[in-house]
Number of protein chains: 2
Amino acid sequence: MNTTIKDIARLCDVSITTVSRVLNNKTESIGAQTVKKVQHKIDELGFRPNLIARRMITRQSHTVGLVIPDIRNPFFSEFARGVEDHMNNQDYGVFLCNTDSSLEKEKQYMTILQGKLTDGIIFTTQNKLESSKSFDDFIKNKFPIVLVERYLEGIDDVPGIYVDNKGGAADLCRFIISRGHQDIACITGPLQTTNARLRLEGYKEALLEAGIKINEQIIIKGNYRYGSGRDGMKNLLDNNKTKFTAVFACNDMMAFGAFETLEKYGLKVPGDISLAGFDNIPFPEVFRPQITTVDLPAYNMGEKSAEMLMKIIKKEKLSDIRFQYSLDVVDKGSVDFLKV
Amino acid sequence: MNTTIKDIARLCDVSITTVSRVLNNKTESIGAQTVKKVQHKIDELGFRPNLIARRMITRQSHTVGLVIPDIRNPFFSEFARGVEDHMNNQDYGVFLCNTDSSLEKEKQYMTILQGKLTDGIIFTTQNKLESSKSFDDFIKNKFPIVLVERYLEGIDDVPGIYVDNKGGAADLCRFIISRGHQDIACITGPLQTTNARLRLEGYKEALLEAGIKINEQIIIKGNYRYGSGRDGMKNLLDNNKTKFTAVFACNDMMAFGAFETLEKYGLKVPGDISLAGFDNIPFPEVFRPQITTVDLPAYNMGEKSAEMLMKIIKKEKLSDIRFQYSLDVVDKGSVDFLKV
DNA sequence: CTGAAAGCGCTAACAC
DNA sequence: GTGTTAGCGCTTTCAG
């Protein structure tokens, strides 16, 4: 049997209320002697109050759920750390849920998290259709939730944080164009997802604005994974009849994959082909290749979403129900001036 | 007000016991009609039982704590994923705690986790003295815990999983020696930690066994961080009078740092200097440099520790109280045959 | 087959 | 200053 507040009370010859008060630092109205006596016993026995019981009464779990596709993805581990650090400062804990973006797992976790296990949820997903099914309950129940880069059609009153995918992609492409490139290929993300579509839109916007015609032949569909970058590049090199001098891969992983192919074909980056990605996955600076990219402020986004969630939980007013980060291009030298 | 089991009972005109039974699938002894009626109401209202209340009674949280230094470190995110996957299969959740190896944070988290929030803890730490202070309570309380690569002096009845640091380092150095190298420098980890000491011991063992004299001049103290690899290498190159043809950095991050310096000095790896690390941090294969290293099976270790912890929680018998992984060298070509 | 009642360990009015 | 008491929402004997 575990020691409880009752045991302490008995041992100290006081009521459980008194013990409870000491435990909660409500000592203003208790004799200094009593406090000391009780505290001493608590320390002596190494007694820890049962938080579950406390939570039952106070009706808050002091925990939030963090639902992400995969903690091994550097973006999400950065993000998670941002969440945890902020929550930790507020005396909140984090319950980790990896879903692999599987609808099944997402639902399963959501159900558990709703069971009073958490006071709120930060939810991210990727690589799949933007359905709102998993959220119906949450939205109905008004369960505190913050969405991260999740675009729900027809629903705009759910708090969320977003990045300016379109603007970032456009800026990056403008940068490429400013180096003299006109024939710029694109390896897209999975176009069922809004953020992949937005990046593609940004690409098109920048080209059109520069008076460059969109050539669908050099727009290859990928899925944000390494392999699809590698294969997409192969495809571009083997089957395509249009020339191109630069490639915009819609995320870094695909850019790395594309690089593998370029290297295999004996093409230099930059020099023969310029290459750019998106995400700014953090690697040591000595690593090669270094690919020009667009930075996603993962840690900040984690902190920000934690901050928003806390406000919702504490019923404070949100300044913006949706927050959008603008994105910066990070020049790492993989895009150079076009030689004439 | 939230719906509770009581509401369902009232609405269905049955007792709360009956509702509880339906909720827990103990329907053998209930009329099919009743079950249907109750289940229907539950679905209709989207009712979810309060898990906190349930936990209070059943006295188990179905959650484990995962205490790690930093989820952003690829080793720990792999590890964490292994833990989560195993726990998930057992219907257990994971409560994430980043400590930055700070004693303060560790204690803070431990206290919370012990407060019945979790049924057990998986604990890892690094970069500091192996004191048992944080654990006194746990060990006294017999709180289920699994240590990961944490060596506690004088305590050997606490379950833990370990890797064969000494053997791995020795094998790696034997590999280097087998390529003809005799003058092998070493950049160590922080020697207050047991695992850094063990890696150094492995290095020495391999050299001695090959009849090579240990030269303390080319053993540089590092701290497992990138910067200390970079600076250690500089130190080795600038101030040291003994020649060396290979360097064993006691982890990959330091090896990458060392590589930065070598590159800056115009030295080729391999060719001019052979270089090896430890950990096998996962990066895409296109990346350069690729450093020969010793693989740490992070994901497996996560799964294994989760498995051990579950056995302890369920009071099943552990086959071994301590489990040790043997380690394999991964040749990535950064160590070549010594030119004569 | 079903229900009444006793708690789990704690907090929070409300008394004294 | 301190104690009594009534729950929080659920599970679980034990009766019927």
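Report follows, based on the coordinates.

Parameters and conventions
Here, residues in each chain are numbered from 1, in the same order as that chain's written sequence. Whichever chain is written first becomes A and whichever ligand is written first becomes 1, with later ones labelled in order. Since the coordinates come from a predicted model, pLDDT governs what is reported: local features require at least 70, and pairs of side-chain atoms require 80 or more to be given and counted, while whole-chain, interface and lining totals use all residues. As a convention, hydrogens and water are excluded, and side-chain values are obtained from all of the structure's heavy atoms. All axes here are fitted lines through C-alpha atoms, helices being fitted over the stretch that makes contact, and every angle between N-to-C directions spans 0 to 180 degrees. Helical segments are the DSSP runs of H or I of at least four residues, strand segments are the runs of E of at least two, and each set is numbered from the N terminus. Small angles under 35 degrees read as roughly parallel and large ones over 145 as roughly antiparallel, with 65 to 115 read as roughly perpendicular and the rest as oblique. Each helix crossing is assigned a hand: it is left-handed if the near helix lies turned anticlockwise from the far helix by less than a right angle, otherwise right-handed if that turn is clockwise. Pairs of residues are marked as contacts when any of their non-hydrogen atoms sit within 4.5 Å. Once two parts are put together, the accessible area they lose, assessed with a 1.4 Å probe and summed over both, is termed the buried area. Any carboxyl oxygen of Asp or Glu that lies within 4 Å of a side-chain nitrogen of Lys or Arg is treated as forming a salt bridge with it. Polar contact is defined as a pair of N or O atoms within 3.5 Å, subject to the rule that within protein one atom must be able to donate a hydrogen and the other to accept it, and that residues adjacent in sequence are counted only when both atoms are side-chain atoms. In this text, near means that some heavy atom of the residue lies within 4 Å of the molecule or strand in question. Residues are grouped as follows: Ala, Val, Leu, Ile, Met, Phe, Trp, Tyr, Cys and Pro are nonpolar; Asp, Glu, Lys and Arg are charged; all remaining types, including Gly, are polar. One fewer than the residue count of a helix, multiplied by 1.5 Å, yields its expected span. Partly exposed residues are those whose accessible area sits between 20% and 50% of the maximum for their type, while under 20% is buried and over 50% is exposed, using a 1.4 Å probe and protein chains only. Two strands form a pair only when DSSP identifies at least two bridges running between them.

## Points about the packing of helix α1 (residues 5-12) of chain B against helix α2 (residues 16-23) of chain B
Residues and elements named next belong to chain B.
- With their axes 8 Å apart at the nearest point, α1 and α2 run at an angle of 110° to one another. Classified by the interaxial angle, the pair formed by α1 and α2 is roughly perpendicular. Regarding α1 and α2, the two cross each other, and that crossing is right-handed. Residues Ile 5, Lys 6, Ile 8 and Ala 9 of α1 pack against Ile 16, Val 19, Ser 20 and Leu 23 of α2.

## Let's talk about the interface of chain B and chain A
- Taken together, the contact between chain B and chain A spans 51 residues of the former and 50 residues of the latter.
- Each partner contributes to the roughly 4800 Å² buried at the junction of chain B and chain A, and carbon and sulfur atoms together form 59% of this total.
- At the surface where chain B touches chain A, the tally comes to six salt bridges.
- Residue Asp 100 of chain B is joined to Arg 81 of chain A by a salt bridge in which the shortest nitrogen-to-oxygen separation is 2.7 Å.
- Across the contact surface, chain B and chain A share 15 residue pairs in polar contact (both at pLDDT 80 or more).
- Broken down by secondary-structure element, the contributors of at least two residues to the side of chain B that touches chain A are α4 (51-58), α5 (74-89), β2 (93-98), α6 (103-117) and α11 (252-264) of chain B.

## Some thoughts on the protein's contact with DNA strand C
- Taken together, 26 residues lie near DNA strand C, and Ile 5 of chain A together with Ile 30, Gly 31, Ile 57 and Arg 59 of chain B sit nearest.
- Within 4 Å of the protein, the contacting atoms of DNA strand C are drawn from sugar and phosphate to the extent of 57%.
- Between DNA strand C and Thr 17 of chain A there is a distance of 3.2 Å, counted from a base nitrogen to a side-chain nitrogen or oxygen.
- Taking Thr 34 of chain B, its side chain carries an N or O atom lying 2.8 Å from a phosphate oxygen of DNA strand C.
- For the surface near DNA strand C, the secondary structure elements donating two or more residues are α2 (16-23) and α4 (51-58) of chain A together with α2 and α4 of chain B.
- Tallied by class, residues from the surface near DNA strand C come to eleven nonpolar, eleven polar and four charged.

## Some words on the protein's contact with DNA strand D
- Inspection of the region around DNA strand D gives 27 residues, with Thr 17, Gly 31, Ile 57 and Arg 59 of chain A together with Ile 5 of chain B positioned closest.
- Per the 4 Å cut-off to the protein, sugar and phosphate atoms form 57% of the nearby atoms of DNA strand D.
- Here a phosphate oxygen of DNA strand D and a side-chain polar atom of Thr 18 of chain A are 2.8 Å apart.
- A distance of 2.9 Å separates a phosphate oxygen of DNA strand D from a polar atom in the side chain of Thr 34 of chain A.
- Residues that form the surface near DNA strand D fall into these classes: eleven nonpolar, eleven polar and five charged.

## Looking at helix α8 (residues 165-178) of chain B
Residue and element names in this part refer to chain B.
- Compared with the 20 Å implied by 1.5 Å per residue over 14 residues, the 20 Å span of α8 between its first and last C-alpha is a close match.
- Taken across its 14 residues, α8 has ten buried, putting it largely inside the fold.
- Listed as buried for α8 are Asn 165, Gly 167, Gly 168, Ala 169, Ala 170, Leu 172, Cys 173, Phe 175, Ile 176 and Ile 177.
- Directly after α8, the chain includes Gly 180, whose backbone phi takes a positive value near 95°.

## Considerations on unusual backbone geometry
- With an omega dihedral of -10°, the bond running from Val 269 of chain A to Pro 270 of chain A counts as a cis peptide bond.
- Note that Pro 270 of chain A resides in the loop between α11 (252-264) and β9 (274-276).
- Residues Arg 288 of chain B and Pro 289 of chain B are joined by a peptide bond in cis, for which omega reads 0°.
- Within the fold, Pro 289 of chain B resides in the loop between β9 (274-276) and β10 (293-295).
- Of note, Glu 149 of chain A is a non-glycine position whose phi angle comes to about 50°, a positive value.
- Its location among the elements puts Glu 149 of chain A in the loop between β4 (145-148) and β5 (160-163).
- Judged by its relative accessible area of 13%, Glu 149 of chain A falls in the buried class.

## Some details on the sheet that holds β9 of chain A
Residues and elements named next belong to chain A.
- Sheet architecture is open: four strands sit in the order β7-β6-β8-β9, paired in parallel fashion. Two strands in the sheet have a free side with no partner beyond their single neighbour: β7 (219-221) and β9. Across the sheet, the mean angle separating the axes of adjacent strands is 15° when strand polarity is ignored.
- With three bridges connecting them, strand β6 (residues 184-188) and β7 associate as parallel partners. Bridged to Ile 187 within β7 is Ile 220.
- Its contacts with the sheet place helix α9 (residues 194-209) against β6, β7 and β8 (246-249), and it is angled at close to 165° to β6.

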